[in-house]
Amino acid sequence: MNKKKLFSLLPSVDEVLNDKIIIELIKEYPRSLVVDTIRKNIDNIRKNIINLEEDQLNNFSIDYDKFINNISNELRLSYSLSLKKVINATGVVIHTNLGRSLLADSIKEEVWKVASRYSNLEYDINKGKRGSRYSHLEEIIKNITGAEDVLVVNNNAAAVLLVLSTMSKNKEAIVSRGELVEVGGSFRIPKVMEESGAILREVGATNKTHMSDYEDAINENTGVLLKVHTSNYRVLGFTGSVDIDELSRLSKEHDIPVIEDLGSGLFIDISKYGLSYEPTVIDSLKKGADVVTFSGDKILGGPQAGIIVGKKEYIEKMKKNQLTRALRVDKLTIAALEATFRLYLDEKKAVEEIPTLRMLTYSMDKLNDKARKLYEIIKNQNLDIDIKIEDGYSQVGGGSMPLETIDTKVITIVPKNMGVSELEEKLRLSEDSIVARVYDNKYVLDVRTIFDDEFESISKQLTNALK
Ligand SMILES: *Cc1c(COP(=O)(O)O)cnc(C)c1O
């Protein structure tokens, strides 16, 4: 056998296009993509032939089935979307890298209707005239928070930017040194303040800020007092900060508005469910914050959004700020947010249907139940592994409640014929993209963030990976 002879064995693109399997693939994928993929695979074999040594020539053959199989796999990969569903087995409920909050199943239809059909997005049906896209959210958010007025923008970083730009441009915004936080993705409060045109006036020390620190800093060029909820870290030990109700008293004395950036939008007291207390939006307003900002996709459990609630006089001004146009929310966000807020009209319903709240408040019985189910399904495969149900800890995530570890149940797996990290990689790269932790040389699946309808996929991919 010589190379020339081998080249003559290569199929032509046209021949491959007549293959039964390829004919089926052309029904599924664009023809041009199929042709390109065939050509690339033929080229690969050609290159292999070119690189053959003399003594390898006689042993070389073209594995036609493998060739067709490669084409099929490559087509599937290159045609799949980059943004796709993954299985979150990490137990981090609000996982910023994995899409933060999940929307409730029950709002699916409402969102899809607005997405796929015309809507009254900026049309007042009663008057037959142009309306405002923000009107759809106003009543329900006012109703739930008790606020005078509402404005919704793209995310909470944008909310803080807009609030400061409107209320403190070229004026000093007084903020405690203990609250100059960076939240994930390098969003830094001091940087945002700079961008907004507000002048940062830091007071106090990292661990302690007193009322008198704020008081001493107030002057004729003070724009606002700003309180930032340090969502993602805690200063422990000898610490002290000024609560929003005290700041509000000071703000009234000096006729300077006070803003609170809460980070997470909480509407129910989650300490009832065994988690530690976090300030709710309603508390913050009741205690006298003039304006409060929070995220739509942290504990609130809605779509990405930044929600601003508070006094009408300030929010009216924000609505007229040119930045608002640049930060405006899409109709999908409005639809999803309105439908999510509607669930909050009934706390029980909110906790049952909003995935973020449901996962955070699972009872130990429920977790045990989930763990046993997943354990049985995997156990039935008779795989070459050590598998156990163990106690573990989940996290809230999303830069919320950093110290909170919630008791959970995990499935731990130790494969007998493979390293744990190899298993982790195989499952991550599998068709179902399973993201889990490796801890203590075990593969750890936290059932808190796994949906029951994902158990079969995990078992199937595990079986494949161990083959
Ligand atoms: C998360 C967070 C933000 C940023 O919110 P995004 O919705 O992610 O833009 C701002 N401030 C605080 C205190 C936060 O915790």
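Placed above this text is the structure.
Draft legend 1. Seen up close, the nonpolar core. Of all hydrophobic cores here, the largest spans 116 residues; its most connected members are I308, V309, M318, I378, I413 and L445. No other element matches helix α8 (residues 156-167), which puts eight residues into this core. Two domains each put at least three residues into this core: domain 2 (87-96 + 359-465) and domain 3 (103-353).

Draft legend 2. View of the pairing of strand β13 (residues 306-310). Burial analysis of β13 places five of its five residues in the buried class, the great majority of the element. Because side chains alternate across β13, one face comprises the buried residues G306, I308 and G310, and the other comprises I307 and V309, equally buried. Across five bridges, the pairing between strand β5 (residues 149-153) and β13 is antiparallel. Residue pairing in the sheet places V152 in a bridge with I307 of β13. Strand direction decides the pairing type here: strand β12 (residues 291-295) and β13, joined by five bridges, are antiparallel. Counterpart to S295 in the pairing with β13 is G306.

Draft legend 3. Representation of the side chain of Q461 in the model. If you trace the backbone, Q461 turns up in helix α20 (residues 455-466). Given a relative accessible area of 6%, Q461 falls into the buried group. Among all residues touching Q461, those that are not within four sequence positions of it are L427, S430, E431, D432 and I434.

Draft legend 4. Expanded view of the sheet that holds β5. Sheet architecture is open: seven strands sit in the order β5-β13-β12-β11-β10-β6-β9, paired in mixed fashion. The open sheet has two edge strands, β5 and β9 (199-203), and neither has a second partner. Recorded for the sheet is a direction-independent mean angle of 25° between the axes of neighbouring strands. In terms of strand pairing, strand β6 (residues 172-176) meets strand β10 (residues 222-228) through four bridges, oriented parallel. When the bridges of β10 are listed, E172 appears paired with T222. Sheet strands in contact with α8 are β5, β6, β10, β11 (258-264), β12 and β13, and its direction is about 160° off that of β12.

Draft legend 5. Spatial organisation of helix α18 (residues 364-379). Compared with the 22 Å implied by 1.5 Å per residue over 16 residues, the 22 Å span of α18 between its first and last C-alpha is a close match. Of the residues making up α18, those classed as buried are L367, K370, A371, L374, Y375, I377 and I378. Seen end-on, α18 carries its buried residues on one side only, within an arc spanning 165°.

Draft legend 6. Region of the structure containing unusual backbone geometry. Although it is not a glycine, D255 adopts a positive phi angle of roughly 55°. Positive phi values are uncommon outside glycine, yet N441 reaches one of about 60°. You can see N441 is positioned in the loop between β17 (437-439) and β18 (442-446).

Draft legend 7. Structural view of the packing of helix α3 (residues 20-28) against helix α5 (residues 64-79). For the pair α3 and α5, the least separation of the axes is 11 Å and the interaxial angle reads 10°. Judged by the angle between their axes, α3 and α5 are roughly parallel. Counting all contacts with α3, which are made through I21, I22, L25 and E28, the residues of α5 involved are I68, I71, S72, L75 and Y79. Split into classes, the residues belonging to the contact of α3 with α5 amount to seven nonpolar, one polar and one charged.

Draft legend 8. Fine view of the environment of Y134. With respect to the helices and strands, Y134 occurs in the loop between β4 (129-130) and α7 (135-145). Taking C-alpha positions, Y134 is 6.9 Å from L151, a pair spaced 17 residues apart along the chain. Apart from the residues within four sequence positions on either side, Y134 is in contact with L151, V152, T324, R328 and V329.

How each quantity is defined
Residues numbered from 1 in each chain as written. Predicted model: local features only at pLDDT ≥ 70, side-chain atom pairs only at ≥ 80, totals over all residues. Heavy atoms only, no water. Core = buried A, V, L, I, M, F, W, Y, C linked by side-chain atoms within 4.5 Å. Buried < 20%, exposed > 50% of the residue type's maximum accessible area, 1.4 Å probe, protein only. Helix = DSSP H or I, 4+ residues; strand = E, 2+ residues; numbered from the N terminus. Domains from an automatic or database assignment. Pairing = 2+ DSSP bridges. Contact = heavy atoms within 4.5 Å. Axes fitted to C-alpha atoms, helices over the stretch in contact; angles between N-to-C directions. Expected span 1.5 Å × (residues − 1). Arc of directions from axis to C-beta. Parallel < 35°, antiparallel > 145°, perpendicular 65-115°, else oblique. Nonpolar A, V, L, I, M, F, W, Y, C, P; charged D, E, K, R; others polar.

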